[in-house]
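# Observations on the three-dimensional arrangement
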Amino acid sequence: MPTSALTKFHPFLEAAFEKKHNLGADTLMVWLSNTAPAQANAVLTDITQVSYTNMSSRAVTITSSSQTTGTYSLVLADLTLTMSGGASPTFRYLGVYNDTATNDDLVGGYLDYGAGGVTLADGESLVIDFNATGLFTAV
Amino acid sequence: MAFDKASHEKRRDELEGKIAAIRDKSGPLRAKRDKHVQAARAREDELNAEIAKAEKGLADLENERAFLSRALGAKTV
C-alpha cells in the first residue's frame, strides 16, 4: 500500500489565518491530478485536474477540527472513490480543497501515490486513508 | 528634521493628527463591515448547526465503507 507524507502548500496557513477556511464546517472535496503540484499553489485552478467521469462523490467528511493544548489538527474520515461505468484516468497526486471558499482554496498539502500513479478500472475502488491523527497539525 | 525634544513633539502631534484623520474615515467603514460580517456569521452558524445535525454519524459510515473497501481489495493511499 503506497503511503505518502503530506507536502505542504505554502499559502495555506495564510489563507487559514485570513478566514478563507472554516475547516470545522466548510465543504471539503478531493482533487486528483497527474501533474505534480507546486508548493506555491493556492487555489484549485492552480491544479491540473483529471476527469472525474464515472467516479463516486469526492466529498470529504470532517471527523474533527479541534485543538489540544494549543496544537490544532484536522481529522478526516477515510474516503472511498469507486468507478462505476468506466475506468479512471491515471493520477498520482491528490489533495483536498475547500469548496465553500470563494476561490476553492487548497487545504494543507498534497499526497503522492508514487511513480506511475494509479488507474482505477470500472468497479474498482481507491481508499484514501487519511492520517487518523490529522491531515495536518498546526502548532 | 531637527533632533531636539520640541521638534519630536511637533512631529508626534502631526502624526497623531494624520492618524486620527485616517481612523475617522476608516472607523465607520469598519463598523459597517463588522455589522455585515457578524450578521452573515450568525446565519452561517445556524446553517452549520443544521448541517452537523443532518450529517451526524456520517464520518463513522465513511470509515466503515473504507474498512470494507480495503477488505475487498481496494487500492489505498
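The present account deals with the structure reproduced in this document. The structure presented is a predicted model; accordingly, all values stated were derived computationally and were not measured.

This brings us to the interface of chain B and chain A. The partner chain A presents 25 residues to the 16 residues of chain B that form the contact. Taken together, the two surfaces of chain B and chain A that pack against each other cover about 1,700 Å², and 51% of this comes from carbon and sulfur. In terms of surface lost to chain A, no three residues of chain B exceed Lys75, Thr76 and Val77 of chain B, which account for 44% of the buried area on that side. Counting across the chain B and chain A interface gives 3 salt bridges. Between Arg70 of chain B and Asp78 of chain A there is a salt bridge; the shortest N-O distance is 3.3 Å. Connecting chain B to chain A are 7 residue pairs in polar contact (both at pLDDT 80 or more). Secondary structure elements with two or more residues in the side of chain B that touches chain A: helix 1 (5-54), helix 2 (58-71) and strand 1 (75-76) of chain B. At 8 residues, helix 2 of chain B tops the list of elements feeding residues into the side of chain B that touches chain A. Class assignment for the residues of the side of chain B that touches chain A results in 6 nonpolar, 4 polar and 6 charged.

All names here are of chain A. Core analysis: the largest hydrophobic core is formed by 37 residues, its most contacted members being Trp31, Leu32, Val107, Ile128 and Phe130. Contributions of two or more residues to this core are made by strand 2 (28-33), strand 5 (71-76), strand 6 (79-82), strand 7 (93-98), strand 8 (106-112) and strand 9 (125-128). Broken down by element, this core gets its largest block of residues, 5 residues, from strand 2.

All names here are of chain A. Although it is not a glycine, Lys19 sits at a positive phi angle of roughly 50°. Tracing the sequence through the fold places Lys19 in the loop between helix 1 (12-17) and strand 2. We classify Lys19 as exposed; its relative accessible area is 56%. Phi at Asp104 is positive, roughly 50°, even though this residue is not glycine. Counting through the fold element by element, Asp104 comes out in the loop between strand 7 and strand 8.

With respect to the helices and strands, the residue Trp31 of chain A is situated in strand 2. Distance from Trp31 of chain A to Thr100 of chain A, taken between C-alpha atoms, is 14 Å for residues 69 residues apart in sequence.

Put simply, side chains in a regular strand alternate between the two faces of the sheet. Residue and element names in this part refer to chain A. Taken together, the 6 bridges between strand 4 (residues 62-68) and strand 5 define a ladder with antiparallel strand orientation. Among the inter-strand pairings, Thr68 is bridged to a residue of strand 5, identified as Thr71. Between strand 4 and strand 5, which follow one another and run antiparallel, lie 2 residues, and Thr69 among them has a positive phi close to 40°.

Calculation criteria
Along each chain, numbering runs from 1 in the same order as the chain's sequence is written. Ligands are numbered from 1 and chains lettered from A, in the order in which they are written. Thresholds applied to this predicted model are a pLDDT of at least 70 for local features of residues and 80 or more for the giving and counting of side-chain atom pairs; totals over whole chains, interfaces and linings are not thresholded and use all residues. Processing note: side-chain calculations cover all non-hydrogen atoms of the structure and skip hydrogens and water entirely. Residue contacts are defined here by distance: any two heavy atoms, one from each residue, within 4.5 Å place the two residues in contact. Two parts placed together each lose some accessible area under a 1.4 Å probe, and the buried area is that loss summed for both. By salt bridge we mean one thing: a side-chain nitrogen of Lys or Arg within 4 Å of a carboxyl oxygen of Asp or Glu. As used in this structure description, the phrase polar contact means that two N or O atoms lie within 3.5 Å; if the pair is within protein, one of them must be able to donate a hydrogen and the other to accept it, and residues adjacent in sequence are counted only when both atoms belong to side chains. Only DSSP runs of H or I covering at least 4 residues are called helices, and only runs of E covering at least 2 are called strands; the numbering of each starts at the N terminus. Under the grouping applied here, Gly and all other residues not named as nonpolar or charged are polar, the nonpolar ones being Ala, Val, Leu, Ile, Met, Phe, Trp, Tyr, Cys and Pro and the charged ones Asp, Glu, Lys and Arg. For our purposes a nonpolar core is just a set of buried Ala, Val, Leu, Ile, Met, Phe, Trp, Tyr and Cys residues, chained together by side-chain atoms within 4.5 Å. Exposure classes here rest on a 1.4 Å probe applied to the protein chains alone. A residue is buried below 20% of its type maximum, exposed above 50%, and partly exposed in between. For two strands to pair, DSSP has to find at least two bridges joining them.

So, to be careful, I would describe these as geometric facts and stop short of saying anything about function.
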